[in-house]
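Architecture and fold: a report
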Amino acid sequence: DDVAERRRLVAATQAVWSKAPGTIADDHFVLFASFPLSYCEGRWDEMRALVERGPLAPPIRFFHYAALGALAYASGDTATAWRLVREVLPAGPATEPGDGAINTLLAYQRLAAMLALDAHDLPTARVWLDAHDRFLQWSGSVPGRAEGQIGWATYCRATGDLPRAVRHATVARTLAEQPRQPLALLAAWRTLGALATEAGRLDQAEGHLDAALALTDACAVPYERALTLLAQAELRMACAQPTQASAALDEAHAILMTLGAAPALARADAVAARLAADAAPGPASPTSLTTREVEVLRLIAGGHTNREIADVLGVSVHTARSHVVHIFDKTG
């Protein structure tokens, strides 16, 4: 989150590499020194133009693959993302550690897991996350540990196991705090916020997402800001605050359009459609549910048991069961 210093380091790197023509460097390679930072700071058109000039020769290009994969994934280019996964990890999740830059290998294992989750292929996602854990254990790497826990949180959320997802996201936050890794910490806060929204813990969700949004400003990362604004829009909808939800959506949409982040744009459009549907006039409710009963109803709809509802709301199982009975009586 030291924006000036990270830019100074890129400029210094380019200056050094420009003095080594014919060895490891050429003009193309020197420009690639800014590639990871360009991804973070949202200069995606600049990255795409650089890629169109042609690939770097191995092994130098290997060090830029993490940003290449991230760009392909965020742009919705699934075919390119999978191609890069196969190139970096030719034996798939069975690839053995030791041949390549560890952080690049870890990044591509996480990328493969997310691609599988997006395709609703939970068994494949789990295999990739297990491989990521194995590489972390082998290498002793500190970078990647928090991100790995976020990956497991996303997997558990997809399986419907919200309590376990929260545990993984909480571990991710702790790992990202010491030593401090602002981008991983941002993702952990955002994941915790989304999970709290889904569970109906709206006050907690607001605190988590406010922390994430503050980090997007400190780190100057527009794509991460847009993703966090989408999570905030969903929270505002859950809080019945359509004006605030619409404002968050509008800002997110503007950022995502500039970047060309197709998957996140599709998500923004889906949230906007839900918001419009909620605003449309509908039949009056024949029930008279209390605010707490509506909160419980959300959890029932999410597939939670009475015990899980009690844990989420901080009440006894008897109280949770009583709410459920009243809801069933009122709704028939």
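Residues numbered from 1 in each chain as written. Predicted model: local features only at pLDDT ≥ 70, side-chain atom pairs only at ≥ 80, totals over all residues. Heavy atoms only, no water.

We now examine unusual backbone geometry. In most cases, non-glycine residues show a negative phi, while peptide bonds are predominantly trans. The omega angle of the peptide bond from Gln-178 to Pro-179 is -5°, so this bond is cis rather than trans. Within the secondary structure, Pro-179 is located in the loop between α10 (162-177) and α11 (182-199). Phi is positive for His-120, which is not a glycine, with a value near 60°. Checked against the element boundaries, His-120 lands in the loop between α7 (102-118) and α8 (122-139). The phi angle at Ala-220 is positive, at roughly 55°, despite the residue not being glycine. Positionally, Ala-220 belongs in the loop between α12 (202-219) and α13 (222-238). (Helix = DSSP H or I, 4+ residues; strand = E, 2+ residues; numbered from the N terminus.)

Take Arg-53: it is sitting in the loop between α4 (44-52) and α5 (65-75). Look at Arg-53 and you get exposed, because its relative accessible area is 51%. For Arg-53 and Leu-186, which are 133 residues apart along the polypeptide, the C-alpha to C-alpha distance reads 33 Å. (Buried < 20%, exposed > 50% of the residue type's maximum accessible area, 1.4 Å probe, protein only.)

So, on to α12. Over its 18 residues, α12 extends 26 Å from the first C-alpha to the last, a length consistent with the 26 Å expected when each residue adds 1.5 Å. Of all the positions in α12, only Leu-202, Ala-205, His-208, Leu-209, Ala-212, Leu-213, Leu-215, Thr-216 and Cys-219 are classed as buried. Looking straight down α12, one finds that the buried residues subtend no more than 155° of arc, so they occupy a single side. Pointing more than 90 degrees away from the buried face of α12 are the exposed residues Asp-203 and Asp-217. Check the buried side of α12 and you find it contacts α1 (3-17), α10, α11 and α13. Phi for Ala-220, located one or two positions after α12, is positive at around 55°. (Expected span 1.5 Å × (residues − 1). Arc of directions from axis to C-beta. Contact = heavy atoms within 4.5 Å.)

Here the focus is the packing of aromatic side chains. Inspection of the entire model under this criterion finds three aromatic pairs. Ring centres of Trp-44 and Tyr-223 lie 5.1 Å apart, and the angle between their planes is 55°; on these two criteria the pair is classed as tilted. Placement of the pair is Trp-44 in helix α4 and Tyr-223 in helix α13, with a sequence separation of 179 residues. Take Trp-44: its relative accessible area is 1%, and that puts it in the buried class. These aromatic residues form a ring-pair network of at least three members: Tyr-39, Trp-44 and Tyr-223. (Phe/Tyr/Trp six-rings, centres within 6.5 Å; stacked < 30°, edge-to-face > 60°.)

On to the pattern of salt bridges, then. Per the stated rule, a full pass over the model turns up 16 salt bridges. Notably, a salt bridge pairs Glu-224 with Arg-190, separated by 2.8 Å at the nearest N-O pair. Pair noted here: Glu-224 is in helix α13 and Arg-190 is in helix α11, with a separation of 34 residues, a long-range link. Residue Glu-234 is joined to Arg-267 by a salt bridge in which the shortest nitrogen-to-oxygen separation is 3.2 Å. With Glu-234 in helix α13 and Arg-267 in helix α15 (residues 262-279), this pair connects stretches of sequence that are 33 residues apart. Three or more residues joined by partner-sharing salt bridges are found here, namely Arg-6, Arg-7, Glu-41, Arg-43 and Glu-46. (Salt bridge = Lys/Arg side-chain N within 4 Å of Asp/Glu carboxyl O.)

Within the secondary structure, Gln-181 is located in the loop between α10 and α11. For Gln-181, a relative accessible area of 16% translates into the label buried. Excluding anything up to four places from it in sequence, Gln-181 contacts Val-142, Pro-143, Leu-175 and Ala-176.

All right, on to α7 then. Taking 1.5 Å per residue as the helical rise, α7 with its 17 residues ought to reach 24 Å, and the 24 Å between its terminal C-alpha atoms agrees with that figure. Along α7, 12 of the 17 residues are buried, which leaves the element largely enclosed by surrounding structure. Those residues of α7 that sit buried are Thr-104, Leu-105, Leu-106, Ala-107, Tyr-108, Gln-109, Leu-111, Ala-112, Ala-113, Leu-115, Ala-116 and Leu-117. Residue His-120 follows α7 closely and has a positive phi angle near 60°.

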